[in-house]
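Coordinates in review
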There are 2 protein chains.
Amino acid sequence: MALTIGVDIGGTKIAAGVVDEDGRVVEHLLRATPARDPERVAETIAEAVRELAKEREIEAVGLGAAGFVDETRALVRFAPNLAWREEPLQKKVSALVGLPVVVENDANAMAWAEAKFGAGRGETHLVCVTVGTGIGGGIVLGGSLYRGRWGMGAELGHMQLIPEGRPCGCGNLGCWEQYASGNALVIEAKEIARADPGRAARLLEIAGGTPEQIEGKEVTDAARQGDPAALAAFSTMADWLAQGLCDLAAILDPGCFVLGGGVSTAADLWIDQVRESFAATLTGRGHRPVADIRLAELGASAGLVGAADLARIR
Amino acid sequence: MALTIGVDIGGTKIAAGVVDEDGRVVEHLLRATPARDPERVAETIAEAVRELAKEREIEAVGLGAAGFVDETRALVRFAPNLAWREEPLQKKVSALVGLPVVVENDANAMAWAEAKFGAGRGETHLVCVTVGTGIGGGIVLGGSLYRGRWGMGAELGHMQLIPEGRPCGCGNLGCWEQYASGNALVIEAKEIARADPGRAARLLEIAGGTPEQIEGKEVTDAARQGDPAALAAFSTMADWLAQGLCDLAAILDPGCFVLGGGVSTAADLWIDQVRESFAATLTGRGHRPVADIRLAELGASAGLVGAADLARIR
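In every chain, residue numbers begin from 1 and rise along the written sequence. A letter from A marks each chain and a number from 1 marks each ligand, given out in the order of writing. Local features in this predicted model are restricted to residues whose pLDDT is 70 or higher, and side-chain atom pairs enter the listing and the counts only when it is 80 or higher, whereas totals over whole chains, interfaces and linings include all residues.

1. Examining the interface of chain A and chain B
- Any residue pair is listed as a contact if its two C-beta atoms, each placed from the backbone, are within 7 Å. Counting residues at the interface gives 38 residues for chain A, matched by 38 residues for chain B.
- Put simply, DSSP marks the helices as runs of H or I at least four residues long and the strands as runs of E at least two long, and each gets a number from the N terminus on. For the side of chain A that touches chain B, the element with the highest residue contribution is helix α7 (residues 228-252) of chain A, accounting for 7 residues.

Right, dumping it as structure tokens:
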């Protein structure tokens, strides 16, 4: 069976794995990311690939990177976490490992994995939303990964949801990921705890006493214990998440949405509300089918699996 | 040369035409829409088609209708202007004319015409925004019309731009078309004229004295004469138009946008600002190409031409 290698290049670690045609990870390893030195990143990737390719015949390598990847899947135009600007990653890694290489946006790779092997199996039109610190997005249309004219499609977290809203790292105001993400959850919980500490009594207790100490884990724990402020923060996030899905449905009319990322590990606290709010707000409701909202199935390996499979079908 | 017929089914009139492979309208006729009687609409379409097909060999017929058209291009699920619910338009018209028939959303048909024969020629990824009373949208991706999983894609006017904003006919609040359309322009101008009549002196004079008399034509005329209120209304509309384009660029990364519709006949009053505001607000600006914003070229015949061509390549 033909094997490819997928590499998920994160800000702190590089995960690489050998993946088979069914999306199974046959072997897997981790390396620390030499985040400050772009040259060394390519070398570290190449070392990992060589290590994995020692005992096996490998067809191709797929690299998933957080950032703008150009439409030829060769160049990382801009990667905020890795100090890359117009980085010719495909060429560098290919020269080092002697195999065909494709570069993909990491959220696109995850979406592809979920579409082909995970929660979106069998669905031709789907939108994958990775709700973590921010929002990552990937779009599969007509059974193919959608990249856009210049490879910059599916930057879903940067739709503006609130004019003059919270400032975003992208330089704009009110982006979706400032309202529906792990960061947003913490911002919301802190705001409530500051304005109404009594309502956040349990949350503040868990966090150590002050709103500034609140992090995502504390909000989740407090919500599970019924803390009204933590529950309100989840509820607000769920409504914004649903609103963004409604906007995407108006534009793309997907058959389903797949929600993943760190925040989805606490999905029991918000998924029902997202589904209800989506169905109640969808434009044209009553005259159209309502897209399924599903949870991602492949967890942390989705990026690696997707990159490997996209290298296979390159 | 193979010929097809395109029909643009409007709320007040039905425009039908014979179209050749190059998108040229060879012959053209108009009929009044029997808007209250769904049965008679199919008959009127059939009469127009028979009339046009008398002297010519026709391959197929494409119908463009404002409304939700299902993914098989057979059924109009919901058309607010024509009192249609689950209308089997393809079957009815095909039975009456004895030719293959496809049904398309009218804005999709216009987008296709502009992509193939108009302002978007040569562009594989484009978004067409028809700015009229409301907003119509059409998306062409990878050289094909994008319809969505159930045919309901590209309802661009119903992205929410402003939470708790102006009520929309779709039942939601703050939809894009409530801020960037002919209606929005008039609402905005009226608001300014009411709040600050001195600023709208020329506009009020042209309109007949009271804010309630202001319509789109008056706002355009007053703007051309330098009326500050009318210019402000156009400026506000231009910024909202640009914001919606930015959201679409974040999601779809098209190579260009094509703007058409009634409001684009006064494009000299707003197009520069839309382009500037888009370039200044696009997420990731500086690290990606900036999509062209072009004006539609085919005018009122775009819907008919697009429907005819989509019937040809059915």
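After presenting the structure, the write-up continues.
2. Focus: the sheet that holds strand β9 (residues 126-131) of chain B
All names here are of chain B.
- In this analysis, strands are considered paired if DSSP registers two or more bridges between them. One open sheet holds the 5 strands; their spatial order is β11-β10-β9-β12-β13, and the pairing between them is mixed. Each edge of the open sheet is held by one strand with a lone partner, namely β11 (144-146) and β13 (292-295). If you compare each strand with its neighbour and ignore which way they point, the axes differ by 25 degrees on average.
- Working convention: axes come from line fits to C-alpha atoms, limited for helices to the stretch in contact. Angles between N-to-C directions cover 0 to 180 degrees. Together, β9, β10 (135-141), β11 and β12 (256-260) form the strand contacts of helix α3 (residues 106-117), whose direction differs from that of β10 by roughly 50 degrees.
- Those strands touched by helix α7 (residues 228-252) are β9, β10, β12 and β13, and its axis lies near 155 degrees from that of β9.

3. Thoughts on helix α4 (residues 182-195) of chain A
Residues and elements named next belong to chain A.
- For a helix, the expected span equals 1.5 Å multiplied by the residue count minus one. With 14 residues, α4 should cover 20 Å at 1.5 Å per step; its first-to-last C-alpha distance of 20 Å lies within 8% of that length.
- Burial is judged by counting other C-beta atoms within 10 Å of a residue's own C-beta: 20 or more means buried, 12 or fewer means exposed, and anything between counts as partly exposed, with every C-beta placed from the backbone. Listed as buried for α4 are Gly182, Ala184, Leu185, Glu188, Ala189, Lys190, Ile192 and Ala193.
- Next to the buried residues of α4 lie α5 (201-207), α6 (216-224) and α7.

4. Description of the packing of helix α4 (residues 182-195) of chain B against α7 of chain B
All names here are of chain B.
- Their axes nearest at 9 Å, the elements α4 and α7 cross at an angle of 135 degrees. Looking at the two axes, α4 sits oblique to α7. Both α4 and α7 take part in a crossing whose hand is right-handed. Mapping the contact onto sequence places Ala184, Leu185, Glu188, Ala189, Ile192 and Ala193 in α4 and Ala229, Ala230, Ala232, Ala233, Phe234, Thr236 and Met237 in α7.
- Asp, Glu, Lys and Arg are counted as charged, while Ala, Val, Leu, Ile, Met, Phe, Trp, Tyr, Cys and Pro are counted as nonpolar; the rest, among them Gly, fall into the polar class. The residue makeup of the contact of α4 with α7, split by class, is 11 nonpolar, 1 polar and 1 charged. The labels follow the angle: roughly parallel below 35 degrees, roughly antiparallel above 145, roughly perpendicular from 65 to 115, and oblique for the rest. In this scheme the handedness of a crossing depends on how the near helix is turned from the far one: anticlockwise by less than a right angle means left-handed, clockwise means right-handed.

5. Section: helix α2 (residues 89-97) of chain A
Residues and elements named next belong to chain A.
- Here α2 has its buried residues at Leu89, Gln90, Val93 and Val97. Viewed along the axis of α2, the buried residues span an arc of 95 degrees, placing them on a single side of the element.
- Of the surrounding elements, those touching the buried residues of α2 are α1 (38-53), β4 (58-65), β6 (76-79), β7 (84-87) and β8 (101-105).
- Just past α2, the residue Gly98 takes up positive phi, approximately 65 degrees. Here, the arc refers to the directions that run from the helix axis to the C-beta atoms.

6. Section: the sheet that holds strand β11 (residues 144-146) of chain A
Residue and element names in this part refer to chain A.
- In spatial order, the strands read β11-β10-β9-β12-β13; together these 5 strands make up an open sheet with mixed pairing. Both outer strands of the open sheet, β11 and β13 (292-295), are each paired with one neighbouring strand and no more. Averaged over all neighbouring strand pairs, the angle between strand axes comes to 25 degrees, with direction disregarded.
- The pairing of strand β9 (residues 126-131) with strand β10 (residues 135-141) spans 6 bridges and is classified as antiparallel. When the bridges of β10 are listed, Val131 appears paired with Ile135.

Function-wise, these values are silent; they only describe arrangement.
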